[in-house]
Amino acid sequence: MRTRLYLNRWLTFVASCLMQASAGLSYVFPVYAPALKELWGYHETQIATVGSCFNIGGYLAIPSGALYDRLEKHKRFGPRFVALIGSLLLCTGYLGLFAAASGRIDPCFAFVCICAMVGGNSSTWFDTASIVTNVRNFPHDRGTVVGILKAFVGLSASIYSSIYAATFASGGASAVNAATRFLFFICAISPLMTLTLTVFINLVPEAYHEPDPAAPPTPPSQEATTERRSSRNSSAPSFSVQTRFTFAYCLVALVAAYQAGTALWAGTVHPSMHARRALLGGLLGLLALLLAVPLSSGDWVHRKPRPEALERLKRSLLSRLAARGAMAAAKLRRSFTGNGGSGAGISTGTEGALTEPLLGPGDGVSGTNGDKHQNAVAAKANGVAVSCVGGGAADDAAESSTEAKAAAEDGKQGTDATMQPPHLTPAPPVVREGDLEAQLEALEAVPALSDVPLSAAMRSPIFWLLMFQFGVGLGTGLSFLNNLGSIVVALGGQPGGQVVFVSLFSVANATGRLAGGVLSELVLRRYGTPRTLLLVAISFLTLLVVGGAAISELSDLYAVSVLAGLAFGAHWSLIPSITSDMFGLTHFGSNYTALQLGPAAGGYLLATVLTGKLYDRAARSHGDQLFCIGADCYFQTWCVLGGLNLVALLGTRELYAQSAKRYRRIVRGGGV
């Protein structure tokens, strides 16, 4: 058997978290957008279009999802290649923006939009490599994994805003100079960090997962005990899966609280450069604690599958082989009886029955649930008993039992025949190395989930209801976030005063992503509550945010920013989790990235076309040139968005009604 090297899946999880911290750079655009607007002389619609190009590029994720699914068999090369493309796009896009901002290239509007779209598209490659890989590595904790990883995307704006304020915007530097140097930092340093993290990304087959200390122990066989004793260099995990996830999301919550506190303090005290750098050092120290998650999780490099997993797989294959041997004996007897005892066709029947492949492409090992399904298959052919005990999936046990029963009935018919056939001794069952190799490479499966390809998913109303809510909900959030600089000025604030609100939005965004994933997993597992019911609540919260923004003053933006960030972030954890529940994991990459066309369309149509046109109309009515001043500058925008969100709320109610029965089947089938 060939030796395969897989990195510990917890190393992949931590590397993915840190990579996701650079996957939300498009959310940092409002921090330096006013400086670029002044530098290039753009009006509001143009600068809003640049921001929407970041978002459109960030949501055109179908190529990354399709490529990931195409390379799924390459469990190390596939995810790493997808992340590598993201690093290259990140460097290319922001390098072009830096060249335009520094005067090395003429800031043609079309060129700036293309660079923004390329730079924004890098996030989809990071997100696909991180989310899909970790959902496949932890299939029974889908909501928790998505929530934590998406929380780091939400925190990325706050993290990079802190870097901008402490390193580039301090010391009396002009806004234009700070924005130019910040763009160079993103195009040079961020890709190097993501390239380093790419090395640790890999899909880990179930047979190579570390044993969970919290799982009930199973009695080992003599072979497994001998194998464990021979591998003395391997270390057993000290903490359970849930303990590590608890530590991770407590750390995310701590970082979010720290950033919220520092943002509020900085907005009132206006700290010095040294104080901002001290705050940045505290933030980086908290992020470094994430490196403690994979500690004591077993071997960091897996060279061999777990002995108990290997033994269980062998038993499962032997069980099916014994059942097929019994079927072969039954066919021999029927062939002998039908040919009047001549024995014609015996050789052909025996060879065909005992040499065909045991398992199809979809068969695999059932992870921690595999120990619960053990079956005994006893088949007698002409007085020769073939017995084997196997541990595999429930489908294997059912098929083996059915085949053995059919063989027993056929054997009985053959015994009652008038002409007794000669005594036949079938060959002992032998597991093929090719069958064993193929099943050792299988990812952990969740039998309760159906596997629906993208073509079939697009024929389902659930898919389109999800896409509509995704587009309207995130389009509303982007309309608020991308225009925060102009909203602050319109309500009487100073240019540049949006930094504190962007930080609050980012922290709330991360909190919403974390809470949406973890809370939906908790209520689904404990109470059977569908995730779609939580999506209804988030749709209602988005509608409330629009109403609050329409009547808010400058001091009210603190609360509105927090609520808008919560609603915006919860979409990002709930919809991927619902997608995996409704359409399965096999085609999760394609289905999830296809749904992101909704935010791409919503971000452009709502955050750019609608918001920009109505803002420019209000500015002309006021006689303003660069910025519109007045509480009514965005009132018409909020009215239109309120109507759209009301329709989306009705759509999510229908989505909940259509998905409730399916969630009941998932809970009964052990899909959580």
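Thresholds, definitions, all that
Residues numbered from 1 in each chain as written. Predicted model: local features only at pLDDT ≥ 70, side-chain atom pairs only at ≥ 80, totals over all residues. Heavy atoms only, no water. pLDDT = per-residue confidence, 0-100. Contact = heavy atoms within 4.5 Å. Helix = DSSP H or I, 4+ residues; strand = E, 2+ residues; numbered from the N terminus. Patch = residues over 30% accessible without salt bridge, like charges linked within 9 Å, V, L, I, M, F, W, Y side chains within 5 Å. Areas by Shrake-Rupley, 256 points an atom, 1.4 Å probe, with all protein chains shown as cover. Salt bridge = Lys/Arg side-chain N within 4 Å of Asp/Glu carboxyl O. Axes fitted to C-alpha atoms, helices over the stretch in contact; angles between N-to-C directions. Parallel < 35°, antiparallel > 145°, perpendicular 65-115°, else oblique. Left-handed = near helix turned anticlockwise from the far one by under 90°. Nonpolar A, V, L, I, M, F, W, Y, C, P; charged D, E, K, R; others polar.

### Notes on the confidence of the model for the protein chain
Okay, step 1: Taken as a whole, the protein chain shows an average pLDDT of 80; of its residues, 76% reach a score of 70 or greater.
Okay, step 2: Predicted confidence is poor over residues 341–404, with pLDDT under 50, and the contacts of this stretch with residues over four places away or in other chains come to 115 contacts.

### Overview of the environment of P34
Okay, step 1: Of note, P34 is situated in helix α2 (residues 29–40).
Okay, step 2: Considering only alpha carbons, one finds P34 and A175, 141 residues apart in sequence, at a separation of 8.5 Å.

### Remarks on a nonpolar patch on the surface
Okay, step 1: Among the surface-exposed residues, L84, L88, I189, L192, M193 and L195 lie close enough to one another that they form a single nonpolar patch of about 500 Å² accessible area.
Okay, step 2: Counting residues per element, the nonpolar patch draws most heavily on helix α8 (residues 175–198), which supplies four residues.
Okay, step 3: Inspection of the secondary structure assignment puts I189 in helix α8.

### Some points on the packing of helix α1 (residues 9–20) against helix α10 (residues 241–269)
Okay, step 1: Axis separation between α1 and α10 bottoms out at 13 Å; the angle between their running directions is 15°. Taken as axis vectors, α1 and α10 run roughly parallel relative to one another. The element α1 and its partner α10 pack so that their crossing is right-handed. Of the residues in α10, those touching α1 at R9, W10 and F13 are V241, R244, F245 and A248.
Okay, step 2: Class assignment for the residues of the contact of α1 with α10 results in five nonpolar, no polar and two charged.

### Focus on unusual backbone geometry
Okay, step 1: Phi at S296 is positive, roughly 55°, even though this residue is not glycine.
Okay, step 2: Here S296 is to be found in the loop between α11 (273–288) and β2 (301–302).

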